[in-house]
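The lines below spell out each chain.
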Amino acid sequence: MPRIELSLTGRPKSGRVVGIDLGTTNSLVAFMGDDAPQVIRGANDDALVPSIVFYDQEKKRLLIGEEARQRLITEPRKAIYSVKRFMGKGSFDVQEDLTLVPFQIAEGSEQVIRFQMGDKVFTPPEISAFILRELKERASIFFGEEVTRAVITVPAYFNDAQRQATKDAGHLAGLEVLRIVNEPTAASLAYGIDKRNEGLVAVYDLGGGTFDISILKLKDGIFEVLATNGDTHLGGDDIDNRLIAFVLEAIEQQTGKRVEQDPAAFQAVRNAVIAAKHELSNAESATIKIQLDSGEAFTHEITRADFTQRIADIIERTMQPCKQALRDADLNTEQIDEVVLVGGSTRIPLVRQRVKELFKREPHTELNPDEVVALGAAIQADILAGGSRDLLLLDVTPLSLGIETMGGVVAKIINRNSTIPASMAEHFTTWVDNQTGIDIHVVQGERELVEDCRSLARFTLKGIAPQPAGLPRIEVRFMIDANGILTVSAKDLRTQQQQSIEVKPSYGLTDEQVEKMLLDSYQFAEEDIRKRQVIEARTEADIVKRAAEKALMERGQELLGEDEQATVRQAIQELEEAMRGDDHLLIRNKIKELDEASHHLAELIMDNAVSAALKNRDVADVAEQGK
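To start, this report covers the structure provided alongside it. Since we're looking at a predicted model, the values are computed, not measured.

## Describing a nonpolar patch on the surface
A contiguous nonpolar surface patch, about 370 Å² in accessible area, is contributed by Met406, Trp431 and Val432. Position of Trp431 among the secondary structure elements: in the loop between β23 (422–428) and β24 (437–444). For Trp431, a relative accessible area of 61% translates into the label exposed.

## Some remarks on the packing of aromatic side chains
Overall, the coordinates contain ten aromatic pairs when judged by the stated rule. Arranged with centres 5.0 Å apart and planes meeting at 85 degrees, the rings of Phe142 and Phe143 form a pair that is edge-to-face. Residue Phe142 is classed as partly exposed on the basis of its relative accessible area of 45%. Here the guanidinium or amino end of Arg270 rests over the ring plane of Tyr81, the centre of that ring lying 4.2 Å away.

## Comments concerning the nonpolar core
Judged by nonpolar contacts, the single largest core of 100 residues is most densely connected at Ile20, Ile127, Tyr204, Val247, Ile290, Ile336 and Phe359. Looking at which domains feed residues into this core, each of domain 1 (17–234 + 317–394) and domain 2 (236–315) supplies at least three. Not counting residues within four places of it along the chain, the set of residues in contact with Val247 comprises Val269, Val273, Ile288, Ile290 and Phe298. Counting residues in hydrophobic clusters, the runner-up holds 24 residues, among them Ile403, Ile414, Ile438 and Val503.

## A short note on helix α6 (residues 236–255)
When the terminal C-alpha atoms of α6 are compared, their 28 Å separation across 20 residues agrees well with the 28 Å that a helix rising 1.5 Å per residue should span. One or two residues past the end of α6 sits Gly256, with phi positive at roughly 80 degrees.

## Observations concerning the packing of α6 against helix α7 (residues 263–279)
Contact pair α6 / α7: the axes reach a minimum separation of 9 Å and the direction vectors enclose 120 degrees. Between α6 and α7, the angle is such that the two are oblique. In the packing of α6 onto α7, the handedness of the crossing is right-handed. Counted together, Gly236, Ile239, Asp240, Leu243, Ile244, Val247, Leu248 and Ile251 of α6 and Phe266, Val269, Arg270, Val273, Ile274 and Lys277 of α7 form the full contact between these two elements.

## Considerations on the pairing of strand β28 (residues 498–503)
Pairing analysis gives six bridges linking strand β27 (residues 486–492) to β28, with the strands arranged antiparallel. Paired with Val488 across the bridge in β28 is Ile501. Following β27, the chain reverses through five residues before pairing antiparallel with β28; Gln496 in that reversal takes a positive phi of roughly 65 degrees.

## Observations regarding unusual backbone geometry
Even without being a glycine, Asp330 presents a positive backbone phi close to 55 degrees. Tracing the backbone shows Asp330 in the loop between α9 (319–328) and β18 (338–342). Taking the relative accessible area as the measure of exposure, Asp330 reaches 67% and is therefore exposed. Within the chain, Asn434 stands out as a residue other than glycine whose phi angle is a positive 60 degrees. Here Asn434 shows up in the loop between β23 and β24. Overall, Asn434 belongs to the exposed group, its relative accessible area being 52%.

## Brief notes about the pattern of salt bridges
The tally for this structure, following the rule as stated, stands at 27 salt bridges. Ionic pairing is found between Arg546 and Asp542, a salt bridge with its closest N-O pair at 2.8 Å. On the criterion of helical spacing, the pair formed by Arg546 and Asp542 is a turn pair, its members being four residues apart in helix α12 (residues 511–559). What makes Arg546 exposed here is its relative accessible area of 54%. Beyond isolated ion pairs, a larger network of salt bridges with shared partners links Arg85, Asp237 and Asp238.

## Thoughts on the sheet that holds β28
Taken together, four strands build an open sheet; the order of strands is β23-β26-β27-β28 and the sheet is antiparallel. Here the strands that pair on one side only, and so sit at the sheet edges, are β23 and β28. Geometrically, the sheet is characterised by an average inter-axis angle of 15 degrees between neighbouring strands, direction not taken into account. Pairing analysis gives seven bridges linking strand β26 (residues 474–480) to β27, with the strands arranged antiparallel. Following the sheet pairing, Phe478 is matched in β27 by Val488.

## Details of the sheet that holds strand β25 (residues 454–462)
Spatial strand order, β21-β20-β24-β25: four strands in an open sheet with antiparallel pairing. Pairing within the sheet leaves two strands with one partner each, and these edge strands are β21 (409–414) and β25. In this sheet, adjacent strand axes meet at a mean angle of 30 degrees when their direction is disregarded. Both strand β20 (residues 401–405) and β21 contribute to a ladder of five bridges, which runs antiparallel. Across the sheet, residue Gly402 finds its bridge partner in β21, namely Lys412.

Quick notes on the rules
- Residues numbered from 1 in each chain as written.
- Predicted model: local features only at pLDDT ≥ 70, side-chain atom pairs only at ≥ 80, totals over all residues.
- Heavy atoms only, no water.
- Patch = residues over 30% accessible without salt bridge, like charges linked within 9 Å, V, L, I, M, F, W, Y side chains within 5 Å.
- Areas by Shrake-Rupley, 256 points an atom, 1.4 Å probe, with all protein chains shown as cover.
- Salt bridge = Lys/Arg side-chain N within 4 Å of Asp/Glu carboxyl O.
- Helix = DSSP H or I, 4+ residues; strand = E, 2+ residues; numbered from the N terminus.
- Buried < 20%, exposed > 50% of the residue type's maximum accessible area, 1.4 Å probe, protein only.
- Phe/Tyr/Trp six-rings, centres within 6.5 Å; stacked < 30°, edge-to-face > 60°.
- Lys NZ or Arg CZ within 6 Å of the ring centre and 35° of its normal.
- Core = buried A, V, L, I, M, F, W, Y, C linked by side-chain atoms within 4.5 Å.
- Domains from an automatic or database assignment.
- Contact = heavy atoms within 4.5 Å.
- Expected span 1.5 Å × (residues − 1).
- Axes fitted to C-alpha atoms, helices over the stretch in contact; angles between N-to-C directions.
- Parallel < 35°, antiparallel > 145°, perpendicular 65-115°, else oblique.
- Left-handed = near helix turned anticlockwise from the far one by under 90°.
- Pairing = 2+ DSSP bridges.

The following block contains the structure:
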């Protein structure tokens, strides 16, 4: 008999690989069905999980997704949203973002942001891990098996530090991350692979917090990213912030009050603005209504024309990266065969209009722009799991990689938009007589000077044979794997002395810190299991309650006496009360009691149904004999 490996939750571990879109605003998980990828929906049939985490300090538990979004309105300082913008960054990198959110930043945030949530401190990878764990649990419930392997998407313009932070988040969530895939590449899988054998595709991805443009080439089963560009600091959040600033100013002019320092009022403004933005994608006007704590109400009607005028410069900022990506791919707009829109912000009419004007063709909008990345990730997951698709996916590195040379100049070894996996080498020499060691400083960026690029790693090659300056031959090799993770090696070609390092970007978290976070996260694992048990119990209870109520209403008075009817009603009422609580054992106990209370009614209904069926059969037999 084959051995079944069980997880901590008691479910057998699944061999499935899921695709996850870890988004700025919302996140999704999908899998490859029999014929097409499918998004896994939650108990309320929602595909999207809001990328929000709330820490309930009193109950020492975390709320993720929709529950967290509800609490965000009343207690915003205990919630974190748009965490994707902070991945792989220190406080110096995100000064502007921090002025627009009510987050409390803890001490020691120079290398990596640390959020203060009540009496707890969490980093962006930890917050992302909680969201990933929620998606993992959703998939595990759906399959009845513990899902442990995933493909996770990131913006194409994410640098090495941000990609490593995403992998760390997956590790903290208990996932084996098989591949980090660029979001535009994933979207193109969902959109274009089955539609043409070859062609050039532009993928315009404007999400909640990031913008990406990728030019892809499809030919003979090979999907290659020719060029990518974008802005990790541009998205729907910027549109929201523009409208929020306008509304805050209007409230002050109308009421004389400044509400931006009131977290609850700020969130009320934010929610009203987002609702109006969504409405303006389909209507010519929308009304922003906000009830202030003072009892006053703020109301403002905004037209689509006014909305378009206020955000025009934000949308225009996406045009230059598009043009640069075309130049990098050595293409013009006439050569592009298909244009694909991805990301919830592409529902905005102005976005669709400007993309159509730039590329001179109608962009594809057939698939849900919120789901398309997750669907593509599911296809890539299926490929890695040995699916039937005959497809080779080639990504590119978004930024150039090189080393520091004399004078603080960067010697680029792998240029941006190079296809990965990749391996490239350059030869260097010494600058000082009898030099026996050489420092290797690995940097990332497009600027010519080291001070203008991002430092990734440093190590020293020792054991160089003493020779006059200029004679030693030192080979420095850069190797990037399919996930975009870099390994750098240096070798003295004469002595064969070699040193290498896997570049795990120094964005602030050491391996030891990641492992500590993993151990700390176990305190929430029990809560995750309990939460799942409550959801499952409530779902079963709702089915049983509805069936009992229907039977009592339709046949109860006919088949039961007053006392038995009262007993069933009492059991239904007690089950409803239990469902409002969080004790899954109590809920299941009340389900059992309702089953017992309504058992006699169910028997009577069944007996009557059988008797009626037999009577109808006898009547039919008599009629048949009379013919």
